[in-house]
Protein chains: 2
Amino acid sequence: MIKVAIVDDHRLFRQGLSVILASKESVEVVGKYESAIELLKALPDLEVDLILLDIDMSEMDGITAAPEIFKIKPTVKVVILSMHLSSHKIQDAVAAKVHGYLLKTSSDEEVVAAIEQVMSGKDYFSKEAHEQLVESFRARDEGQEVELTPREIEILKLVCEEMNSQEIAEKLFISVHTAETHRRNLLSKTGCRNSVGLVRFAMDRGYC
Amino acid sequence: MIKVAIVDDHRLFRQGLSVILASKESVEVVGKYESAIELLKALPDLEVDLILLDIDMSEMDGITAAPEIFKIKPTVKVVILSMHLSSHKIQDAVAAKVHGYLLKTSSDEEVVAAIEQVMSGKDYFSKEAHEQLVESFRARDEGQEVELTPREIEILKLVCEEMNSQEIAEKLFISVHTAETHRRNLLSKTGCRNSVGLVRFAMDRGYC
DNA sequence: AATACACTACCGAAATATGAGTATATTTTG
DNA sequence: CAAAATATACTCATATTTCGGTAGTGTATT
């Protein structure tokens, strides 16, 4: 029996998945948590083989939580359960060294298959996630992997709050020129045409 | 036994909820659909008392679907199951005359309670949804109920696509002045400070 | 020591957006 | 039909963004 924990802030989903998995022969649900923080608290005393981790959670998202999980229990397996097919999230998930990525549109059979495969030592990425990943690598070859500096991210967030360069400068105690330079660099790095593009970029990346 | 149908594009959620509800005495799940369109197709021949309807679906969202459902089966009850607590969505749901609004963070007991209450003829709105609704009405008293004209929505969408007034004008075969006027009206109606605010507004309203 | 990078700051100019008005044609609606 | 709402177009003025440069300073890495 594979000991599985479920982390998802939607109680109905958590309970439903738990009932489904409980009916499977190879799987045993040993814990349900409504946030990554709760899981992290319980983890040291938890006997668990694999964690099904939601991404979109309010307090701490799954991808941030994964490294923390591995710090506490380096041998535990982590499989991401996500709603949407965001290429950045998949890339982040891979970078966080999770062992699998599933969509909530999957069937229960696929979840069990993924759990079993991951426990056997192989990673499991759903077909859609896999395709998205391949596409991302292609796009990377084509040219751009957008890497923002911490300061740029800071400026980006303020742009998203409807602030103009003047206000950003005042808020960060820098010159307007500097704020403008950062904005220009943001535009050129992201390939956006204007601030509208920046907001969309920021939202896609989860910066706001 | 109350005959219930479930509409949600996440198969795991759909199946999980179905299993949960199947174990309840008063409820019988008579159908599961992964999109509103599928449900609408099946509806004429479906004996159903109440439909649990997800909001965030790719093809047709729940709130758009509700009126179509009532056209086909005027007596059926509709309860919205949503992930997030967006005040606009709740308002839209109320406007669409659905009979209930639940969050996916609810417990299974609350879902059953809601189903039973709605079937008894009363509406059921979760505590959080109710509070949000009260707040919205307060905000309405304070001043603004933002109503955009179809043309304004059209301009708004193009703004969200990183187009400037010149390009919008060309695209819509109107003068730049007109495009600019629409933009300014959008800013003043929504109370936003710049285009960045407009994008966020548009996203919140589901225009993009 | 040299190189690279991030952050900072500036200049000048062109393109766009925003603010405050006015005005008219068309469509919708009571 | 008349009134109201909507879409259209304009002027003048100012603010802001965007684009093209250049460049010093500190820090980390090779």
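Keep in mind it's a predicted model, so treat the numbers as computed, not measured.

Caption draft 1: Representation of the confidence of the model for chain A. On average, residues of chain A score 92 in pLDDT, and 96% of them reach the 70 mark or higher. Across chain A, strand E1 (residues 2–7) of chain A holds the top mean pLDDT of 98, while helix H6 (residues 127–142) of chain A sits lowest at 75.

Caption draft 2: Layout of the pattern of salt bridges. All names here are of chain B. Using the criterion set out here, one finds 18 salt bridges over all chains in the structure. When the shortest N-O distance is used, the salt bridge between Lys-104 and Asp-8 registers 2.9 Å. Placement of Lys-104 in the loop between strand E5 (100–103) and helix H5 (108–119) and of Asp-8 in the loop between strand E1 (2–7) and helix H1 (11–22) is noted, with a sequence separation of 96 residues between them. The exposure classification of Lys-104 matches that of Asp-8, with both residues buried.

Caption draft 3: Looking closely at the protein's contact with DNA strand D. Neighbouring DNA strand D are 18 residues, the closest being Arg-184 of chain A together with Thr-149, Arg-151, Ser-175 and His-177 of chain B. Those atoms of DNA strand D that come within 4 Å of the protein belong to sugar or phosphate at a rate of 60%. The side chain of Arg-184 of chain A places a nitrogen or oxygen atom 2.7 Å from a base nitrogen of DNA strand D. Counting residues per element, the ones that place at least two in the surface near DNA strand D are helix H9 (176–190) of chain A together with helix H7 (150–160) and helix H9 (176–190) of chain B. The greatest single-element share of the surface near DNA strand D, amounting to five residues, is contributed by H9 of chain B. Here the residues of the surface near DNA strand D are counted per class, giving three nonpolar, ten polar and five charged.

Caption draft 4: Molecular detail of the interface of chain A and chain B. On the chain B side, the residues contacting the 34 residues of chain A number 34 residues. Both faces combined, the contact of chain A with chain B buries some 3000 Å², and carbon together with sulfur accounts for 63% of it. In this structure, the connection of chain A to chain B is made through two salt bridges. Salt-bridge contacts for Arg-193 of chain B lead to Glu-167 of chain A; the nearest nitrogen and oxygen are separated by 2.3 Å. Linking chain A with chain B are 14 residue pairs in polar contact (both at pLDDT 80 or more), by the criterion used here. Contributions of two or more residues to the side of chain A that touches chain B are made by helix H1 (11–22), helix H5 (108–119), helix H7 (150–160) and helix H10 (195–205) of chain A.

Caption draft 5: A look at the protein's contact with DNA strand C. Taken together, 18 residues sit near DNA strand C, with Thr-149, Arg-151, Ser-175, Thr-178 and His-182 of chain A positioned nearest. Expressed as a percentage, the sugar and phosphate content of the atoms of DNA strand C within 4 Å of the protein is 69%. Ser-165 of chain B has a polar backbone atom sitting 2.9 Å from a phosphate oxygen of DNA strand C. Mapped by element, the contributors of at least two residues to the surface near DNA strand C are H7 and H9 of chain A together with H9 of chain B. Here the element with the most residues in the surface near DNA strand C is H9 of chain A; it accounts for five residues. Partitioning the surface near DNA strand C into residue classes produces three nonpolar, ten polar and five charged.

Caption draft 6: Expanded view of H7 of chain B. Inspection of H7 of chain B places Glu-152, Ile-153, Ile-155, Leu-156, Leu-158, Val-159 and Cys-160 of chain B among the buried residues, and these make up the whole buried set. The secondary structure elements touched by the buried residues of H7 of chain B are H10 of chain A together with helix H8 (165–172), H9 and helix H10 (195–205) of chain B. Directly after H7 of chain B, the chain includes Glu-162 of chain B, whose backbone phi takes a positive value near 70 degrees.

Caption draft 7: Representation of the domain arrangement of chain A. Here the domain parsing of chain A yields domain 1 (2–140) and domain 2 (150–205). One C-alpha centre belongs to domain 1 of chain A, the other to domain 2 of chain A, and the line joining them spans 34 Å.

Caption draft 8: Highlighting unusual backbone geometry. The backbone of Phe-173 of chain A shows a phi angle near 55 degrees, a positive value even though the residue is not glycine. For Phe-173 of chain A, the location among the structural elements is in the loop between helix H8 (165–172) and H9.

Caption draft 9: A look at the sheet that holds E5 of chain B. All names here are of chain B. Overall, parallel pairing links the six strands, which are arranged E2-E1-E3-E4-E5-E6 in an open sheet. What marks the edges here is a single partner per strand, and that holds for strand E2 (27–33) and strand E6 (124–125). Contacting E1, E2, strand E3 (50–54) and strand E4 (77–82), H1 runs over the sheet at an angle of about 165 degrees to E2. In the packing of helix H3 (residues 62–72) onto the sheet, the strands contacted are E3 and E4, and the crossing angle to E3 comes to about 155 degrees.

Caption draft 10: The arrangement of the environment of Ser-106 of chain A in detail. Following the sequence through the fold, Ser-106 of chain A ends up in the loop between strand E5 (100–103) and H5. Distance in space between the C-alpha atoms of Ser-106 of chain A and Glu-47 of chain A is 26 Å, their sequence separation being 59 residues. In contact with Ser-106 of chain A, not counting residues within four places along its chain, are Arg-11 and Leu-12 of chain B. Polar side-chain contacts of Ser-106 of chain A include one of 2.4 Å to the backbone oxygen of Leu-103 of chain A.

Here is what the cut-offs are and how they apply
Residues numbered from 1 in each chain as written. Chains lettered and ligands numbered in written order. Predicted model: local features only at pLDDT ≥ 70, side-chain atom pairs only at ≥ 80, totals over all residues. Heavy atoms only, no water. pLDDT = per-residue confidence, 0-100. Helix = DSSP H or I, 4+ residues; strand = E, 2+ residues; numbered from the N terminus. Salt bridge = Lys/Arg side-chain N within 4 Å of Asp/Glu carboxyl O. Buried < 20%, exposed > 50% of the residue type's maximum accessible area, 1.4 Å probe, protein only. Near = heavy atom within 4 Å. Polar contact = N/O pair within 3.5 Å; in protein donor to acceptor, adjacent residues only side chain to side chain. Nonpolar A, V, L, I, M, F, W, Y, C, P; charged D, E, K, R; others polar. Contact = heavy atoms within 4.5 Å. Buried area = accessible area lost by both parts, 1.4 Å probe. Domains from an automatic or database assignment. Pairing = 2+ DSSP bridges. Axes fitted to C-alpha atoms, helices over the stretch in contact; angles between N-to-C directions.

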